[in-house]
Structures are given as structure tokens and as C-alpha cells.
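Notes for the structure review
The chain contents come next:
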Amino acid sequence: MVLRGQVLELECITEGLPTPEVSWSKLSGEFPDKRTSIVTFQKILRIVNVSDADAGEYRCTAHNHLASIHHTIRVTVKAAPYWITTPRNLVLAPREKGQLICRASGTPKPTINWAMNGIPIENSPEDSNRKVEGDTIIFDEVQTGSSAVYQCNASNEYGYLLSNAFVNVLSETPRVLTPANQVYQVIRNNHALLDCSSFGSPIPKITWFKDSQSSTLEGDPYLLHENGTLEIYVAQALNSGKYICVARNTLGIAENHVYLEVKEPTRILKQPKYKVAQRNMNVVFECKVKHDPTLIPIMIWLKDNGELPDDERFLVDSDSLTITDVTENDAGTYTCIMNTTLDHDSASAELTVVEQPDPPTDLELTDMKPRSVQLTWIPGDEHKSPIHKFVIQYTDSLHDHGHWHNLTHVPGSKTTAHLELSPYVHYSFRVLALNAVGLSDPSNPSHMYKTNPAAPDENPSGVKGFGTEHNNLMILWKPLSGLQANGPGLQYKVMWRQKDVDKNWTSVTVANVSKFMVSGTPTFTPYEVKVQAINNNGIGPDPAVITGHSGENFPVQAPDSVRVLVLNSTLAEVHWEPVPPKTVRGHLKGYKVYYWRERSLHKHNPHRVEQQLLSFSGNKSHGMLPGLQPYSTYLFNVRVYNGKGDGPASSNLQFETPEGVPGPPSFLRITNSNLNNLTLEWGPPNDRNGHLTGYILKYQQVNNSNELGPIEELALPANKTSVTLPNLKYSTRYKFYFHAKTGQGAGPVITEEAVTIMDEAMPSRQADIATQGWFIGLMCAIALLILVLLIICFIKRNKGGKYPVKEKEDAHTDPEFQPMKEDDCTFGEYSDTEDHKPLKGSRTPSNGTVHRDSSDESLVDYGGGDGQFNEDGSFIGQYSGKSSIRETAEAHSPVNTTIVNSFV
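Worth saying up front: this structure is predicted, and the values here are computed from it rather than measured. For every chain, the first residue of the written sequence is number 1, and numbering continues from 1 along that sequence. The predicted origin of the model limits local features to residues at a pLDDT of at least 70 and limits the giving and counting of side-chain atom pairs to 80 or more, whereas totals for whole chains, interfaces and linings rest on all residues. Hydrogens and waters are ignored; side-chain quantities use all the structure's heavy atoms.

As for the pairing of strand E44 (residues 461-466)
Strand direction decides the pairing type here: E44 and strand E45 (residues 472-478), joined by four bridges, are antiparallel. Within E45, the position partnered with Phe466 by the bridge is Met474. For two strands to pair, DSSP has to find at least two bridges joining them. Secondary structure is summarised from DSSP: a helix means a run of H or I of at least four residues, a strand means a run of E of at least two, and numbering begins at the N terminus for each. A loop of five residues connects E44 with E45, the two strands running antiparallel in sequence.

See below:
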């Protein structure tokens with residue numbers, strides 16, 4: 001027998017010769033895993049932490065090669081009491097129900113005994129609201145004062161268990177234990193938990209309200225837990241606000257206010273991107289973040305999930321990380337983390353630092369043949385950028401020592417190359433590696449490999465034959481390089497013969513040149529030419545034959561059947577017969593037409609001779625002559641030309657262009673402007689282009705807003721050079737359009753503008769100026785200055801009485817020019833009782849002349865002397881030597897007078 005939870009040890013002692021082996025088995029099941037062990041040479045079976053399932057029959061078997069025996073042991077398991085359910089404290093309100101449960105197990109089954117306040121319950125006072133049923137005490141409608149401590153005792157012959165439970169009968173109004181006005185913050189789309197911890201007896205019922213709403217919060221999206229906590233599984237911005245938690249029982253009610261703030265989530269809008277950078281470059285990782293403005297963000301950068309190196313090259317900004325002068329150690333994964341008090345977001349990007357590869361090493365030449373060799377090498381470090389290809393270069397110490405040339409290239413996956421070689425070269429090779437960053441430094445040169453000389457494999461290229469003079473043939477070619485020579489003693493065999501005439505070739509051998517001159521050739525004759533390479537080891541392959549020509553000479557024949565067709569007043573078409581090809585004596589370039597205007601058919605136009613040239617390339621037989629002058633006589637001839645120059649000219653032919661529209665009149669001006677009429681003068685066109693049949697004059701009014709009135713038209717004879725337009729409106733601007741015409745129509749229009757005067761004769765240009773803003777402003781300023789001076793004079797007169805000049809003014813008072821009134825400081829009125837004279841400057845003089853310079857006179861002109869002012873503001877000087885005030889006033893510009901009068 002063994003107690004539950006203890007250690008079971010079964011021993012089997014055997015004897016025999018040879019010593020028997022012992023094995024264990026359980027007849028009623030398997031050994032429990034992990035709790036069973038067999039020790040002491042298989043003699044003892046040990047089971048720890050025995051359970052009820054370990055009961056049963058165990059067999060010990062001993063055997064050797066002679067026989068076997070066994071022994072059976074029966075194991076029973078007993079158990080001291082152990083808890084299944086312990087009684088729990090109860091807090092009950094009056095008239096509530098409850099129960100205490102005390103359950104235990106064991107072998108044999110334990111006995112349950114109850115006690116109240118340490119006294120067996122059967123000896124305690126009777127209570128009709130309490131009933132004991134074995135392991136359970138049932139309370140029904142408990143009363144105040146029934147609080148007590150109850151003990152439960154579970155025992156059997158192997159031990160006992162004892163547990164206490166407190167039954168407290170309370171009557172308490174609800175209390176909310178959660179702090180008031182607590183603020184809960186949560187990120188949008190996360191779940192929110194609003195606490196409402198309460199106490200009361202009976203247990204309060206919890207309800208929730210939001211803001212000023214009267215309905216309770218229940219159902220989607222709200223979930224109310226048993227402990228009173230309100231859960232919002234997916235919080236949104238509209239869930240923000242004040243929440244009221246109400247705890248209620250039969251004795252009363254209590255409430256508490258909490259607040260929920262739903263914040264916007266932190267999100268990385270622009271994540272850092274994968275970067276590949278060369279060493280010593282700058283790298284910028286951007287990390288632009290959006291977060292709730294009420295939360296304080298903190299940006300953290302990590303490298304390979306650790307802190308950034310403590311290096312001033314790492315510059316952290318509000319939304320970026322800059323690494324200057326990148327090194328290979330900077331490669332890795334960079335993570336930006338944006339933290340707030342509620343959430344965070346992160347993003348990572350990798351930096352790969354690359355540079356050009358290291359140069360290859362260990363160059364080796366193998367499989368050496370007369371015209372090929374095998375080159376192998378070991379690649380250098382790629383520096384995280386795969387090698388795209390290897391470039392093989394060579395230098396020829398025999399012909400071009402110290403200069404390296406590209407020979408070939410192979411893919412980056414290969415480390416060997418088969419090189420085709422040329423004879424008579426002292427080769428040294430080197431290899432460069434190329435990746436996305438660039439070329440590596442060159443490897444160390446290989447050993448020198450010398451190839452034997454041989455006959456040339458090719459002939460010179462670019463062979464040409466042409467003449468520089470009419471009796472020679474220049475033969476040119478591109479010499480072979482030292483690599484192409486294939487051996488010493490390089491020369492060139494130059495061969496030529498006249499095409500379709502000579503059967504045998506003429507030849508000459510030359511060295512170290514790239515051209516040869518053949519003299520005494522006929523003019524522009526086709527020749528066949530070829531050039532062959534030769535060295536000390538033999539001759540090159542048969543050269544290709546090219547065709548050239550000896551030198552050109554000037555053409556010897558002029559075009560025949562030259563004729564002209566005049567199409568209109570400015571265009572003619574010239575025709576000719578092409579010359580025979582043999583007379584060209586060169587490559588036909590085309591034909592040239594020389595033409596010039598001999599004279600105009602109009603006697604008034606000047607005689608001008610200016611030769612013009614038009615070239616027509618190719619074997620043309622006609623051409624157009626544009627841009628001719630109408631109503632003119634032209635001469636022309638035609639010539640053929642080749643690479644040497646022009647041939648003889650054909651006979652000069654003459655043609656006449658018909659009449660055309662005239663050019664613009666040479667001028668148009670306004671010579672006289674009055675109140676209601678204007679006089680216009682003009683000159684005939686410089687290019688009449690025919691017989692003038694007359695002129696057309698159109699004009700229209702222009703109002704102050706630059707709008708145009710109806711057009712008036714006037715036809716004028718050709719022999720007239722001026723016209724006066726009557727019945728015009730005074731002080732009105734007019735715009736004129738004028739052009740000449742011939743029998744072919746009207747020519748270009750010229751325009752002019754003029755203004756009829758209002759007070760005095762004045763050119764249209766001056767009237768135009770008077771309407772300009774700057775001029776009006778200037779006149780107003782002058783008028784204001786004069787007014788200020790007159791006011792000063794008036795003040796001085798009142799203070800100082802008469803002064804010398806005033807006496808003279810009094811003695812020579814002009815009845816038509818009154819001084820300023822002393823009472824109102826205004827200009828005097830003009831007398832209109834006898835001669836009814838108009839206001840000065842209101843009309844033009846009787847002779848209609850315009851005094852242009854009088855408008856520029858100043859106050860100095862009134863003095864006759866220096867025109868100075870004295871200290872009291874009066875004039876100094878005499879009026880003698882000058883016209884009277886009246887005469888001077890009459891000579892003033894109408895503009896100035898008008899402005900002063902209007903100011904007064």
C-alpha cells in the first residue's frame with residue numbers, strides 16, 4: 001500500500017547461476033511515463049508522485065539461459081483528503097441567498113464536518129434560514145446579524161483538511177471606486193476600456209450613458225462586462241466625449257464621469273527606401289510621419305536594431321536621416337520609429353555601400369599559339385556590386401610602348417579569355433573589372449608574349465582617286481598601323497590604269513607615305529586605282545579596285561536655247577537646253593542664272609544695276625526668278641558649273657516685267673491745322689511700279705476713348721501732291737489712311753494723325769501732347785506755383801503798401817488786363833463793354849500763324865531786364881524793351897492759357 005503523491009518502490013531479489021536478468025511489467029496497464037525508473041541493476045522499480053492509476057499488479061521476471069521465474073506484487077493506493085472545492089467568503093445583503101460548498105476527495109472518501117465560530121454546527125443556535133446538506137450550507141433570505149465564520153473539516157484515516165469562510169451580511173449604498181473625471185486616450189480603430197469599479201450591498205447594477213443622452217449604452221459597438229467595465233471594440237472619432245457610469249442597488253445610486261479621447265493613429269507616410277551608395281557619397285533616408293497633433297511624437301533611428309553609431313556623420317532631422325561620407329561599415333538596415341504615448345509606427349530600409357571592384361590578380365598566359373593565347377586571372381573583391389564584365393587591354397612594346405589599347409571584353413562570370421593576336425607584336429596584357437560603380441584599377445601586366453612576323457593580312461583602307469589640277473590624279477589611302485603591318489619593311493604598291501582604255505596596270509612602290517600623285521593625265525578621265533601592302537615577309541591580299549577621276553577643268557560650252565517666260569510682275573521662268581556631258585569636263589554641279597535690273601520703264605525711277613545670282617543644282621533645264629521689280633527691264637544669262645567653276649555664259653537676253661501695284665507714298669504730313677480744316681501734303685511712291693492712276697485718302701474721327709468713327713473716302717488725281725479737308729470738327733483728332741494706285745491696284749497704306757485746334761493754331765502733334773497725362777500734370781504744377789506767388793504778393797501789398805513797380809503798374813494800367821482783386825484774390829475780369837474782345841488765347845491770330853516758342857516763356861520775359869524778384873516779392877526791372885503784357889499774353893500757348901483760366 002502506498003499513499004497518493006508519495007514514492008512507490010518495488011524490489012525483486014533473485015538468485016541463480018549465471019546471474020539472472022530482471023525485467024518489470026504491469027499486468028493491468030502501462031508504466032506511467034516520466035515518473036517511472038528502474039534502478040539497482042533492475043532490482044527496484046520506482047514510481048514517484050503516485051496517483052490512483054498506479055494501483056494494480058506488477059510482475060518481476062528473472063531469467064537466464066537455463067530458466068525463468070516471476071513474482072507478482074499487488075499495489076493499492078490510498079489518499080489523504082485533498083480539496084476539490086474550498087468554501088469562499090460571502091458578502092450578502094439582507095434577504096439574499098447564498099451557499100458555502102466544501103468538497104474534498106481521498107481514499108477512503110473523507111468525512112465533511114461543519115463548525116460555526118469554532119463550535120460544531122449541530123451545537124450552534126438554530127437558524128431557520130440556514131440548512132446543511134453534507135458538503136454544502138445553503139442560506140435563504142439571510143437576516144442582519146447573521147454574519148459568522150464557518151469552518152469546513154474534511155478527514156479520513158490518513159489525514160484531514162481545514163478551511164474557513166466568512167459570511168458577512170451587509171447593507172451598503174453603492175459607491176464608485178474608479179477615480180472621477182479620469183481621461184482615457186485610445187488610438188482610432190483600437191478597443192477602448194472604460195472602468196467603473198463599484199462597491200455596494202446588494203451588488204450594484206452598472207449602466208452607462210454618453211454626454212447628455214438619456215438612453216443606456218448597450219449593444220454594438222458597446223460591450224458591458226460583469227465588473228462594470230464598458231468596452232468599445234473599434235473606437236472611432238465620434239466615440240470621443242464624456243461618459244457617465246451609474247451604479248444602482250435597492251439602497252441608492254452613485255455615478256461617475258470619465259472622458260474618452262480617440263486619437264488619430266501614427267502613420268509613416270513616406271517610408272525610407274532601399275539605397276545603393278558609393279563610398280564617400282551622402283545618403284538621405286526620408287521618414288515622413290503623420291500623427292495626432294495633440295500627441296508629442298519622438299523619432300528614433302536604429303541601425304541593425306541597435307543605436308546609431310556615435311558619429312557626427314549621422315545627422316538626424318525631424319523627418320530624415322543623413323549619412324555623409326558613407327563608408328563600408330555604414331551598410332545595414334536602418335529603421336525609423338515614431339513613438340507617441342499611445343502608439344508607434346516603424347519602417348526600415350537597407351543601405352548597400354558599393355564601390356568599383358578591386359583589380360584582378362594572378363594573370364597567366366596558357367595555350368600559346370602563333371596567333372592566339374589563353375589568358376586567365378583571379379577576380380578581385382566585387383564590393384557588393386556584381387562585376388558586369390572584364391576588359392582586356394594590351395600594349396605593344398615594339399610599336400607603341402606605354403600605350404594601352406582595348407583588345408576585347410568578356411562577361412563578368414568568366415575568368416578566362418581566348419585572345420586573337422596579330423603577327424610581329426610584343427604583347428603585354430592587363431585586365432580591368434567593371435561593375436555598376438565603374439572600372440577597377442588595372443591589374444598588374446602579364447608576361448610579354450612575342451608573335452612572329454608574317455605577310456600583311458589586309459591592305460590600306462579609304463583608297464580614293466581624284467584630281468587637284470586638270471592634268472593630274474591624286475591617289476590617297478589610310479596607312480596601316482604598326483599592329484596591322486604584321487612585320488618589318490612595310491611598303492605600299494600603288495597601281496592605276498585608265499578605265500576602259502589601258503589593259504596593263506602602271507605601278508610604283510612607296511614607303512611611309514599615304515598618297516601618290518600621277519601627272520600628265522587627260523582632263524576628267526576615269527581611272528581604276530588599287531593599293532597593296534607589302535613587307536619583308538610577303539605581300540598582302542589582292543586589293544579592291546576603286547574608280548576615280550583625274551582633275552576637272554572649266555566647262556567649255558554655254559547652254560543653248562535660252563528663253564524666258566514672264567509669269568507676273570515679280571516672277572519669271574527661265575528655260576535652257578542642258579549642255580552635253582563631255583563639255584562639262586568635270587562633275588556637273590548645276591546651272592547658274594545671272595540677272596540684273598537694267599532700268600525701270602518709268603522715267604521718274606532711278607537707274608540701278610545690281611547683279612543677282614540663282615543656282616539650280618543638278619541637271620536642271622529651267623528655274624524660277626522670284627522677287628523681280630515690276631515695270632522694269634531685266635537682262636540675264638545662263639552658265640553651267642562644275643567643281644572647278646563656271647563655264648561660259650550664254651548670250652544676254654532681255655525681258656520686261658509688267659506693271660504692278662505701287663509702293664507706299666514717300667511721305668504724308670499735315671502742313672496746316674485750323675478750326676475746321678486740315679491741309680495734307682504727300683510725295684509720290686519711290687517705287688511706282690507702273691503709271692500712277694491716282695491716290696486714295698481715307699480718314700475718320702478718333703474720340704477720347706480711342707474709338708473710331710465712320711470712314712470718309714476721297715479719290716485724288718495722280719498729279720496732285722496736297723489737299724485741304726474742309727468742314728471738319730474743331731478740337732477733334734482725325735486718323736488718315738493714304739495709298740497710291742496703278743492699273744494693277746492699290747499699294748501699301750501709310751497713316752497719319754492730326755487734331756483741329758480750338759483756340760489758337762497748333763500742330764496736331766502739340767495737341768496730342770496736350771492730352772497726355774504728364775503734360776497736364778506739369779501745367780497744373782506751374783499754375784499752382786504762380787498762384788502761390790500771387791498770394792505772397794497780395795500779402796506783401798497789404799502789409800507794406802505801395803512799392804515802385806506798383807506805381808508803374810498803376811500808371812500803365814491796361815483795361816483788358818485787370819489785377820487780382822484784393823478781396824477774393826482772383827484774376828480780374830476782361831472788359832466786354834466796348835470792343836467785345838475775346839479772352840486772351842481763345843482764338844488763333846488773324847494770320848493763322850502758330851507761335852510755337854511763346855508757350856515756353858516764363859515770368860522773366862515780363863521784366864525786360866534780369867527779371868528778378870526783390871525781397872517783398874515785387875518785380876525788378878522795367879517793362880521797356882519787351883512787348884506789353886497784353887501782347888505777351890496773346891502769344892502764350894493756348895494750352896497754358898486754358899489751364900490758368902480754368903484754374904481761376
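So, the confidence of the model for the protein chain
pLDDT: the predictor's confidence for each residue, scored from 0 to 100. Here the protein chain averages 84 in pLDDT, while 86% of its residues score no lower than 70. Residue contacts follow a heavy-atom distance rule, with two residues in contact if any of their heavy atoms lie within 4.5 Å. Note that pLDDT drops below 50 for residues 759-767; the model gives that stretch 35 contacts with residues more than four away or on any other chain.

Details of the nonpolar core
In these notes, a set of buried Ala, Val, Leu, Ile, Met, Phe, Trp, Tyr and Cys residues joined through side-chain atoms within 4.5 Å is what counts as a nonpolar core. The cut-offs for exposure are 20% and 50% of the maximum accessible area for each residue type, with area from a 1.4 Å probe on protein chains only; residues under the lower value are buried, those over the upper are exposed, and the others partly exposed. Residues Leu194, Trp208, Leu230, Ile232, Tyr243 and Leu260 are the most contacted members of the largest nonpolar core, which totals 20 residues. Those elements that provide at least two residues to this core are strand E19 (182-187), strand E20 (192-194), strand E22 (205-210), strand E24 (230-232), strand E25 (241-249) and strand E26 (252-263). If one sorts the elements of this core by residue count, E26 sits on top with four residues. Sequence-distant contacts of Ile232, that is, excluding residues within four places in its chain, are made with Asn190, His191, Ala192, Pro221, Tyr222, Asn239, Tyr243 and Leu260.

What about the pattern of salt bridges?
If the charged atoms of two oppositely charged side chains come close together, the side chains can form a pair. Salt bridges, as used here, are contacts in which a Lys or Arg side-chain nitrogen is within 4 Å of a carboxyl oxygen on Asp or Glu. Per the stated rule, a full pass over the model turns up 22 salt bridges. Close ionic contact of Asp330 with Arg313 constitutes a salt bridge, the shortest N to O distance being 2.8 Å. Of the two residues, Asp330 is situated in the loop between strand E34 (320-323) and strand E35 (332-339) and Arg313 in the loop between strand E32 (306-307) and strand E33 (314-316); the sequence distance between them amounts to 17 residues. For Asp330, a relative accessible area of 3% corresponds to the buried category. For Arg313, a relative accessible area of 16% gives the class buried.

Quick word on unusual backbone geometry
Note that the residue after Leu17, namely Pro18, is joined by a cis bond; omega there is -5°. Cis geometry marks the peptide bond from Thr107 to Pro108; its omega dihedral reads -5°. The phi dihedral of Phe41 is positive, around 55°, even though this residue is not glycine. Position of Phe41 relative to the elements: it lies in the loop between strand E4 (36-39) and strand E5 (44-47). In this structure, Lys384 takes a positive phi of about 65° despite not being glycine.

Re the sheet that holds E32
The five strands are arranged E28-E36-E35-E31-E32 in an open sheet whose pairing can be described as mixed. Across the chains shown, the open sheet's two edge strands, defined by having one partner strand only, are strand E28 (275-278) and E32. Strand direction decides the pairing type here: E35 and strand E36 (residues 344-354), joined by eight bridges, are antiparallel. Across the sheet, the residue bridging to Cys336 is Ala347, located in E36.

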